[in-house]
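Residues per chain are reported as follows:
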Amino acid sequence: MNSPPQIRIRTLPAWLVNKIAAGEVIERPAACVKELIENGLDAGATDIQVTVKEGGKKLIRVVDNGHGILPADLPLVFKSHSTSKLTEEKDLYDINTFGFRGEALASMASVAQVRLISKTAAQSDGYAISVDNDKITSPQPVAGVNGTTIEIANLFYRTPARRKFLKSDGVELSHITETVTRFAIAYPEISFKLANLTDNLSDKDAPASARQPLINLASVKDDSSQGILQRLEFFYSPAVSSELLWATEEKDNLKLSAYFSVPTQTRPNSKQQFFYLNRRFIRDRVLSRAIYQAYHNLIPSGRYPFVALFIRMPTSAFDVNVHPTKIEVRFRDAWRVHDRIVSLIRGALAQKVLSEPAAMPELSPNQPETPENQRVMQALVDFFANQGNAAQFSPSAQRPGHFTSHYSDGASAPANTGAPAAALAPAPGDLHPNIHRPTGRIFQIHNSYIIEEVADGILMIDQHALHERILYNRFSQQLASSEIYRQKFLIPTVVEIPKSKSMILPEVIPYLKKVGIEAEEFGENTLAIQSAPSLLNNVNFNEFILEFIDAFADLPAETPVQAGDLPAGSQINETNIKPIDKLIKMMACKAAIKAGQPLTPEEIKSLLADAGETDFVTCPHGRPAVRKITLSELEGYFQR
Ligand code: ADP
Ligand code: MG
């Protein structure tokens, strides 16, 4: 018998190590932009200019006016683990710079063609060095001004597989804009510019957004609250920025400052929540949870406030060396930070709402009979009543595991029935098409579920999931037959698009058209909607379009549908159905009756009548929509 070949261990060559590291650090062009801006800030720059071509795939150039690099050090910049920011081990526990791993430039040099020019104040000339295909040139003198310029050309040119995962130029550019935005908010004293070079486009063909810098921000004197506010006003519509609240507090080595929206201003997702730790943009579940807790009961569930939160604490209170791009950190005491955030923001909201009842939210318009104002007032009164007693807002009683939603798990059987849970899960064959309705009584409970008596038992129906499924099926059918029932607006609905998303509009518009929404760019950052499917009658278009754009930008890259592939009337096929399908699921979800919405008997009847023609066992996202309990199950349970 042949013995298998002996497996050997080898040390990987440096170029391969760099490539692996690059996979973690350089995920897309925006990641290069982030690393390069960080290097500029670490070098004390006060002006940072970013220029990109083709969504950064062709070129990313970052020019800073920082302290520059000595010519003697230039040969080291593309070597991995080469840094000026750490010298001894104890430095690792006191990191006050963005960089310290010495990996970013080495990573970029292993996946792109890179050229760097730098000049320190002490030198009369600048020096240039470049790397291509792992070959580094020796530094050459060039004319230059103080500071550093880095150009990253043809990202992933040697790894077509990775290049394929990049999205369209517009989507990549929107990620880059988002990246610059994050820095600009936290560094008002630094001037930032972002320009998109569209050399190959004539002025006429270039989208409006390409004719001028996307971002052009002069420095503001300092990083005070006023400076930050000016930046927020630049990036966000007056509807958001004009009503922001500001609160700040410093004690026990922890300083918190935040801009946050009044409860009447909410967003459908949490993309406009910015958390900074010592001016580094981070993501953190405990911080998100604190914001949720601070607004709890003040805003409808599923809505999110705008927040820009700045945390300052000594470096000994957290560890940044836990994530390759440092977007996550580990707090020594995350819950202390959590509780302080909750009380700061909740306290400020309470004051605002008590002094100005108009600032109170009109919670879901679908719940007209709920005395929301009373509920909000009660929540605030409770807050004040419990202020001495941190337990109310301290999640200590609910820590681990409490990120789950509060929906009860409808599929599990009551413990004492002994019935296996599977018996109660939706059983497709059971429900359709053999339901003869109306057979018995039908009513709504908890404004969310419908109970229906049927010949052999009862149906329990999740009104939102069912309606979503009906709309989804109807919509897909209309789409497949290219017969979308549209409604033309007498006056177009105007939707304002955030700056970081305006560059995707030319790509999004054909998709909107495909799903029956006729829209066109209307001035800067604005979309005018002329007509929309009648199924979307009750939808808030402002939100709907913003979510549609987010969903579009999040479509997986491996389904490359270019806008031009989908002229009106084109056939839906395997390649283009997937992204569209995702979008229509989102549309169905938006247009569907919500949980918590009271329905009249007529509305219930018409919902069930619509369901009659639908395979409605699950919602399009796969959650159960209907659960049946048969008479024999009831009899078994009651031991008849
Ligand atoms: P890190 O930032 O983790 O040290 P990088 O690979 O990003 O690693 O950069 C390597 C080194 O090159 C830095 O430590 C710094 O000394 C130098 N450097 C890079 N970019 C700049 C810049 N824009 N200005 C001055 N020095 C820079
Ligand atoms: Mg760096």
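Residues numbered from 1 in each chain as written. Chains lettered and ligands numbered in written order. Predicted model: local features only at pLDDT ≥ 70, side-chain atom pairs only at ≥ 80, totals over all residues. Heavy atoms only, no water.

### Looking at the overall build of the chain
Reasoning step 1: Of regular secondary structure, the chain possesses 19 helices and 25 strands.
Reasoning step 2: For the chain, long-range pairs separated by at least 24 residues make up 73% of all intrachain contacts whose partners lie at least 6 apart in sequence.
Reasoning step 3: With an accessible surface of roughly 31,700 Å², the chain has 52% of that area assigned to carbon and sulfur atoms. (Helix = DSSP H or I, 4+ residues; strand = E, 2+ residues; numbered from the N terminus. Contact = heavy atoms within 4.5 Å. Areas by Shrake-Rupley, 256 points an atom, 1.4 Å probe, with all protein chains shown as cover.)

### Re the site of ligand 1
Reasoning step 1: Surrounding ligand 1, one finds 20 residues, the nearest of these being Asp64, Thr83, Ser84, Lys85 and Gly102.
Reasoning step 2: Separating an oxygen atom of ligand 1 from a side-chain N or O atom of Thr83 is a distance of 2.6 Å.
Reasoning step 3: In this structure, Lys85 approaches ligand 1 through a side-chain N or O atom, which is 2.7 Å from an oxygen atom.
Reasoning step 4: Here ligand 1 loses 94% of its free accessible area of 530 Å² to cover by the protein chains. (Near = heavy atom within 4 Å. Polar contact = N/O pair within 3.5 Å; in protein donor to acceptor, adjacent residues only side chain to side chain.)

### Notes on the sheet that holds strand β13 (residues 273-277)
Reasoning step 1: An order of β10-β11-β16-β13-β14 is seen for the five strands of this open sheet, with the pairing classed as mixed. Edge positions in the open sheet fall to β10 (245-251) and β14 (280-282), since each of these has one partner strand only. Strand after strand, the sheet turns through a mean of 20° between neighbouring axes, direction not considered.
Reasoning step 2: Strand direction decides the pairing type here: β10 and strand β11 (residues 254-260), joined by seven bridges, are antiparallel. Pairing of Glu250 across the sheet is with Lys255, part of β11.
Reasoning step 3: With respect to the sheet, helix α5 (residues 169-186) is in contact with β13, β14 and β16 (307-312), its orientation differing from that of β13 by roughly 60°.
Reasoning step 4: Sitting on the sheet, helix α6 (residues 225-235) is in contact with β10, β11 and β16, with an inclination near 35° to β11. (Pairing = 2+ DSSP bridges. Axes fitted to C-alpha atoms, helices over the stretch in contact; angles between N-to-C directions.)

### A look at the environment of Ala153
Reasoning step 1: Mapping Ala153 onto the fold places it in strand β7 (residues 147-153).
Reasoning step 2: For the pair Ala153 and Val52, spaced 101 residues apart in the sequence, the C-alpha separation amounts to 9.6 Å.

### Section: the packing of aromatic side chains
Reasoning step 1: Overall, the coordinates contain 14 aromatic pairs when judged by the stated rule.
Reasoning step 2: Aromatic side chains Phe274 and Phe306 sit 6.1 Å apart centroid to centroid with 50° between the ring planes, which places their arrangement in the tilted category. With Phe274 in strand β13 and Phe306 in the loop between β15 (304-305) and β16, this residue pair connects regions lying 32 residues apart in the sequence. Both residues of the pair, Phe274 and Phe306, count as buried.
Reasoning step 3: Put simply, the rings of Tyr236, Phe274, Tyr276, Phe281, Phe306 and Phe310 touch in pairs and so form one group of aromatic residues.
Reasoning step 4: In this arrangement the basic side chain of Arg279 is found over the ring face of Tyr187, its NZ or CZ atom lying 3.9 Å from the centre. (Phe/Tyr/Trp six-rings, centres within 6.5 Å; stacked < 30°, edge-to-face > 60°. Buried < 20%, exposed > 50% of the residue type's maximum accessible area, 1.4 Å probe, protein only. Lys NZ or Arg CZ within 6 Å of the ring centre and 35° of its normal.)

### A look at the sheet that holds strand β22 (residues 486-496)
Reasoning step 1: One open sheet accounts for three strands, arranged β22-β24-β23; its pairing is antiparallel. Both outer strands of the open sheet, β22 and β23 (518-521), are each paired with one neighbouring strand and no more. Recorded for the sheet is a direction-independent mean angle of 15° between the axes of neighbouring strands.
Reasoning step 2: When β22 meets strand β24 (residues 526-533), the two strands line up antiparallel, connected through seven bridges. Paired with Lys488 across the two strands is Ser531, which belongs to β24.

### Digging into the confidence of the model for the chain
Reasoning step 1: Model confidence for the chain is summarised by a mean pLDDT of 79, while 80% of its residues fall at 70 or above.
Reasoning step 2: Ignoring residues within four places in sequence, the model shows residues 384-438, a span with pLDDT below 50, making 58 contacts including any to other chains. (pLDDT = per-residue confidence, 0-100.)

### A short note on the packing of helix α8 (residues 285-295) against helix α9 (residues 334-355)
Reasoning step 1: The contact between α8 and α9 brings their axes to 8 Å, and the two run at 30°. If you check the angle between α8 and α9, you find them roughly parallel. In this structure, α8 meets α9 at a crossing whose hand is right-handed. Here Val286, Leu287, Arg289, Ala290, Ile291, Gln293, Ala294 and Tyr295 of α8 lie close against α9, whose contacting residues are Ala334, Trp335, Val337, His338, Ile341, Val342, Ile345, Arg346 and Leu349.
Reasoning step 2: Tallied by class, residues from the contact of α8 with α9 come to 13 nonpolar, two polar and two charged. (Parallel < 35°, antiparallel > 145°, perpendicular 65-115°, else oblique. Left-handed = near helix turned anticlockwise from the far one by under 90°. Nonpolar A, V, L, I, M, F, W, Y, C, P; charged D, E, K, R; others polar.)

### A word on the environment of Asn96
Reasoning step 1: Looking at the secondary structure, you find Asn96 in the loop between β2 (59-64) and α3 (104-111).
Reasoning step 2: For Asn96 and Thr315, which are 219 residues apart along the polypeptide, the C-alpha to C-alpha distance reads 7.4 Å.
Reasoning step 3: Among the polar contacts listed, one links the side chain of Asn96 to the side chain of Asp94, at a separation of 3.2 Å.

### Some thoughts on the pattern of salt bridges
Reasoning step 1: One pass over the full model with this rule turns up 18 salt bridges.
Reasoning step 2: Linking Glu172 and Arg28 is a salt bridge whose minimum nitrogen-to-oxygen distance equals 3.0 Å. Linking Glu172 in helix α5 with Arg28 in the loop between α1 (14-25) and α2 (29-42), this pair joins segments that are 144 residues apart in sequence.
Reasoning step 3: Owing to a relative accessible area of 16%, Arg28 belongs among the buried residues under this scheme.
Reasoning step 4: For Glu38, the salt bridge goes to Lys34, with nearest N and O atoms at 3.2 Å. With a gap of four residues between them, Glu38 and Lys34 both fall in helix α2, about one helical turn apart.
Reasoning step 5: Judged by relative accessible area, which is 3%, Glu38 ranks as buried.
Reasoning step 6: The network of salt bridges with common partners includes Lys34, Glu35 and Glu38. (Salt bridge = Lys/Arg side-chain N within 4 Å of Asp/Glu carboxyl O.)

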